[in-house]
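Read off the chains here:
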Amino acid sequence: MAINVELLTETFQRAKAENGGLHSLGMRFYQRLFEKYPAVKPLFSTPPEEQHKKLMASLSSIVAALTAPDRMLPYLRAMGIRHLKYKTESAHYPAVAENLVAVLSEHLSKEGVWTDEMKAAWEEALNVVASVMIEAADNPEKYTAELAAMGYQADGFKASDPEPWVLAGAKA
Ligand code: HEM
């Protein structure tokens, strides 16, 4: 199935506008994640009040750059490499994706509709995001070399970038 850019963009715009916006979506994400998947809680040291802003900024960047794979791929690969440091395992990705789709469903059902098509669009997109991050985390030497030419350090950060979770130039 191809990535449904239109539906992902439309639902993300709604997520920002409805039911308390990205603050309530992001806070609910971590609340449900830690309830349903308590094993991942110890990996997080940043409190949800801060962490949710990074995740939501990252999702905004991803949605804004859906039609720009040239910018998106290095961004996701660098993030996959950074996640090695956070002790993330590939087996955690389905849990995070399940959790995000579930909280989006709750969020968007409050003031409007949530359809099977929307669910499929988000599942498909998160599957691609996870595959790219996992592929980079599984082959850090290969991708570190490629990313270095774009200014990324071996740990997936850019020295000059105070907010690595925001994709430069992506307009959400
Ligand atoms: C859809 C895929 C994912 C996205 C878009 C995402 C996004 C982010 C972002 C933006 C950060 C902030 C730090 C940085 O940019 O390096 C972060 C940190 C982190 N992520 Fe993810 N992530 C994803 C998947 C996962 C998975 C599967 C796990 C496993 C449980 C995970 C665990 C963590 C942890 C532990 C941190 C560090 C938290 C801290 O500072 O205490 N992430 N993630």
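Remember, it's a predicted structure, so these values are computed and weren't measured experimentally. (Residues numbered from 1 in each chain as written. Predicted model: local features only at pLDDT ≥ 70, side-chain atom pairs only at ≥ 80, totals over all residues. Heavy atoms only, no water.)

**Re the side chain of N99**
Inclusion rule: Each helix is a run of DSSP H or I of at least 4 residues and each strand a run of E of at least 2, with the numbering of both proceeding from the N terminus. Each residue's exposure class comes from its accessible area (1.4 Å probe, protein chains only) as a fraction of the maximum for that residue type: buried when under 20%, exposed when over 50%, partly exposed otherwise. We call two residues in contact whenever any of their non-hydrogen atoms come within 4.5 Å of each other.
Residue placement: N99 occurs in helix α5 (residues 93-111). The buried category is assigned to N99, whose relative accessible area is 0%. Those residues in contact with N99, other than ones at most four positions away along the chain, are F29, R32, L33 and Y37.

**Quick notes on the coordination of the iron atom of the ligand**
The condition is simple: Metal-coordinating donors are taken as N, O and S atoms lying within 2.8 Å of the metal, or within 3.2 Å when the metal is Na, K or Ca; because water is left out, some sites can appear incomplete.
Protein coordination of the iron atom of the ligand rests on one atom only, H83 (NE2), at 2.1 Å. Its location among the elements puts H83 in helix α4 (residues 69-85).

**Here's the deal with helix α1 (residues 5-17)**
Helical geometry note: an α-helix holds 3.6 residues per turn, so side chains three or four residues apart project in the same direction. Going by this rule: Here the expected length of a helix is defined as 1.5 Å per residue gap, with one fewer gap than residues. Relevant arc is that of directions from the helix axis to the C-beta atoms, nothing else.
With 13 residues, α1 should cover 18 Å at 1.5 Å per step; its first-to-last C-alpha distance of 18 Å lies within 8% of that length. Regarding α1, the residues found buried are L7, L8, T11, F12, R14 and A15. In a view along the axis of α1, the buried residues occupy a sector of 160°, so they form one face of it. Residues of α1 that are exposed and angled more than 90 degrees away from the buried face: E6 and A17. Buried-residue contacts for α1 involve α2 (21-36), α3 (48-64), α5 and α6 (116-138). Looking one or two residues past α1, N19 carries a phi angle of roughly 50°, positive in sign.

**Details of the environment of Y93**
Its place among the elements puts Y93 in helix α5. Residues Y93 and S109, 16 residues apart in the sequence, show an inter-C-alpha distance of 24 Å. In this view, Y93 contacts H83, T88, A130, M133 and I134; residues no more than four positions away in its chain are not counted.

**A few points about α3**
With 17 residues, α3 ought to run about 24 Å at 1.5 Å a step, and its terminal C-alpha atoms sit 23 Å apart, in line with that. Those residues of α3 that fall on the buried side of the exposure criterion are Q51, H52, M56, S58, L59, S60, S61, I62 and V63. Contacts from the buried residues of α3 go to α1, α2, α4, α5 and α6.

**Looking at the layout of surface pockets**
The criterion, for reference: Computed over the protein atoms alone on a 1 Å grid, cavities are sets of points where a 1.4 Å probe fits but cannot get out and pockets are open sets with protein on both sides within 12 Å along at least five of seven lines; a residue lines them when it has an atom within 4 Å of a point. Grid points are joined across faces, edges and corners, and a volume is the space filled by probe spheres set on the points. Side-chain classes are defined by residue name, with Ala, Val, Leu, Ile, Met, Phe, Trp, Tyr, Cys and Pro counting as nonpolar, Asp, Glu, Lys and Arg as charged, and the others, Gly among them, as polar.
By volume, the largest pocket is sized at about 830 Å³. Around the largest pocket, the lining is made up of 31 residues, and of these Y30, F44, Q51, L55 and H83 lie nearest the centre. The dominant element in the lining of the largest pocket, judged by the number of residues it contributes, is α3, at six residues. For the lining of the largest pocket, the class distribution of residues is 22 nonpolar, seven polar and two charged.

**Points about the nonpolar core**
Using the following cut-off: As used in this record, nonpolar core signifies buried Ala, Val, Leu, Ile, Met, Phe, Trp, Tyr and Cys residues forming a set joined through side-chain atoms within 4.5 Å.
L25, Y75, L76, L104, W114 and W122 are the most contacted members of the largest nonpolar core, which has 46 residues in total. Counting only elements with at least two residues in this core, the list comes to α1, α2, α3, α4, α5, α6 and α7 (140-148). In terms of residue count, the dominant contributor to this core is α6 (eleven residues). When neighbours within four sequence positions are excluded, L76 is seen to be in contact with I62, V129, V132 and M133.

**As for the site of the ligand**
For clarity, the threshold we go by: In these notes, residues near a molecule or strand are those with any non-hydrogen atom within 4 Å of it. By the criterion applied in these results, polar contacts are pairs of N or O atoms within 3.5 Å in which, for protein atoms, one can donate a hydrogen and the other can accept it, and in which residues neighboring in sequence qualify only through two side-chain atoms.
Surrounding the ligand, one finds 20 residues, the nearest of these being S45, T46, R82, H83 and Y86. Contact distances for the ligand include 2.6 Å between an oxygen atom and a side-chain N or O atom of T46. A distance of 2.4 Å separates an oxygen atom of the ligand from a polar atom in the side chain of Y86. Those elements that place two or more of their residues in the shell around the ligand are α3, α4, α5 and α6. The element best represented in the shell around the ligand is α3, accounting for four residues. Across the shell around the ligand, the residue classes break down as eleven nonpolar, seven polar and two charged.

Functional significance is not addressed by these values, which are geometric in nature.
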